[in-house]
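Listed below are the residues making up each chain.
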Amino acid sequence: MSEIKVDALSTVSGSGSITVSNNLTASGIVGVNGGTGGQVATNFSSASAMGMKINDTNSGNLGGMLGFYSGSGAGTLRANIQNANNAGVHFSVGTGGSIVFTQNGYTAANALDDYEEGDFTPTLTPGGGSYNGLTLVGKYTKIGRLVSVQMRLKIDASGNASGSATVGGLPFASVGSWNRMPNKWRENTATGACGQFVVNQGSTGGFLQNDDGSNIAHTTGREYLINAVYYST
Amino acid sequence: MAITKRTEQDKIEMIGTHKIIQVRTATVIEEDGVELSRTFNRHTIAPDADSSKESADVKAMVAQFHTDAIKAAYTKHLEDSKPVLDTSEE
């Protein structure tokens, strides 16, 4: 076998293949364009070796480590993997993307397509009269179609409130299959009593009731803690 | 080095047969224009809600989707969804 060693290469064009038995090192960009099927294939057999290694040597937080593009020309960024301040990676699947728990590809029922956490301000409305003061706080986590909310509804001044108690202002519309899906509340300052918070489908709220279906007490100082889950889109 | 805080409505959606509008407001903290954090606050606008204090974008969606027919259907839906209530307290 003959061997050629050169100190510098100018641009070389050709239609053949390049086979390297050992290492191929490029300080610049390696471009792969054309071909059919998988354009870059990595085969390895040792358990101690990685199929592909991506090293962010600049140690930049949120630095792009891998980008996924589609479209003509340079394409448009659809999803990416970023450096998480050298403590992991952020895998961003895009607003229309998902993580799919199948072997062969996308199926809607196996796709985790949403995660979000944040705050909201619920409302509490009596069937009759009105409150003179309320403290209303809510936090939510949405995983796929499942919405989990925690709320603190404190009656600072009961006014002349009476009758039923309607909770509104949930962070996502409920699109479950049935009305009156039950969840729980606990009165946290005076009685320790528990009851039901029912969420209606096709709405943004529900009702607070005692477990026997009677109305809750509209009493100054009462603090209702609510833990609820429901379906959205 | 300038730390700035701003809010923006970064997602406005219309959901379901009752055309409920969901609004996500992001609070963004930036340093010299580079985003450091983003937190979310959400609220919803049902067909029977007061939208007078909403943003122009949300008002436009309310005007488009919350028609009199949708409002009437939602009001009936809420009536039909009420649980059986005992009028007594505790």
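Everything that follows concerns the structure shown earlier in this document.
Because the structure is a prediction, the values reported are computed rather than measured.

Engineer: Please explain the overall build of chain A as it appears in this structure.
Structural biologist: Looking only at helices and strands, chain A has zero helices and 15 strands in total. Its C-alpha atoms give chain A a radius of gyration of 29 Å, clearly above 17 Å, the size a compact globule of 233 residues would have. Overall size of chain A, expressed as C-alpha extent along the three principal axes, is 100 × 35 × 35 Å. Residues classed as buried in chain A amount to 30% of the 233 residues present. Residue pairs in contact within chain A that sit at least 24 positions apart in sequence constitute 53% of those at least 6 positions apart. Taken as a whole, chain A presents about 15,000 Å² of accessible surface, with 50% of it coming from carbon and sulfur. Each charge class in chain A was averaged separately, 12 positive and 13 negative side chains, and the resulting centres sit 5 Å apart.

Engineer: What is the right way to look at the interface of chain A and chain B in this model?
Structural biologist: Where interface size is given, it is often the accessible area lost as the parts come together that is meant. Listed per partner, the contact involves 37 residues of chain A and 24 residues of chain B. Between chain A and chain B, roughly 2,300 Å² of surface is buried when both sides are summed, and carbon and sulfur atoms account for 49% of that area. Together, Glu 116, Arg 180 and Asn 215 of chain A form the three largest contributors to the area buried by chain A at its contact with chain B, with a combined 19%. Run the count over chain A and chain B and you get two salt bridges. Among the ionic pairs, Glu 116 of chain A bridges to Arg 24 of chain B, the shortest N-O distance being 2.8 Å. In this assembly, chain A and chain B are joined by ten residue pairs in polar contact (both at pLDDT 80 or more). Every element with two or more residues in the side of chain A that touches chain B is listed here: strand S6 (115–120), strand S10 (162–168), strand S13 (206–210) and strand S14 (214–215) of chain A. When residues of the side of chain A that touches chain B are assigned to their parent elements, the largest contribution, five residues, is made by S6 of chain A. Classifying every residue of the side of chain A that touches chain B gives eleven nonpolar, 21 polar and five charged. Relative to strand S3 (residues 34–45) of chain B, S6 of chain A runs parallel, the two being bridged by two bridges. Residue pairing for S3 of chain B: Asp 119 of chain A is matched across the bridge by Asn 41 of chain B.

Parameters at a glance
Residues numbered from 1 in each chain as written. Chains lettered and ligands numbered in written order. Predicted model: local features only at pLDDT ≥ 70, side-chain atom pairs only at ≥ 80, totals over all residues. Heavy atoms only, no water. Helix = DSSP H or I, 4+ residues; strand = E, 2+ residues; numbered from the N terminus. Rg over C-alpha atoms; globule rule 2.2 N^0.38 Å. Buried < 20%, exposed > 50% of the residue type's maximum accessible area, 1.4 Å probe, protein only. Contact = heavy atoms within 4.5 Å. Areas by Shrake-Rupley, 256 points an atom, 1.4 Å probe, with all protein chains shown as cover. Lys, Arg positive; Asp, Glu negative; His and termini not counted. Charge placed at Lys NZ, Arg CZ, Asp CG, Glu CD. Buried area = accessible area lost by both parts, 1.4 Å probe. Salt bridge = Lys/Arg side-chain N within 4 Å of Asp/Glu carboxyl O. Polar contact = N/O pair within 3.5 Å; in protein donor to acceptor, adjacent residues only side chain to side chain. Nonpolar A, V, L, I, M, F, W, Y, C, P; charged D, E, K, R; others polar. Pairing = 2+ DSSP bridges.

Worth remembering: the numbers are spatial, not functional.
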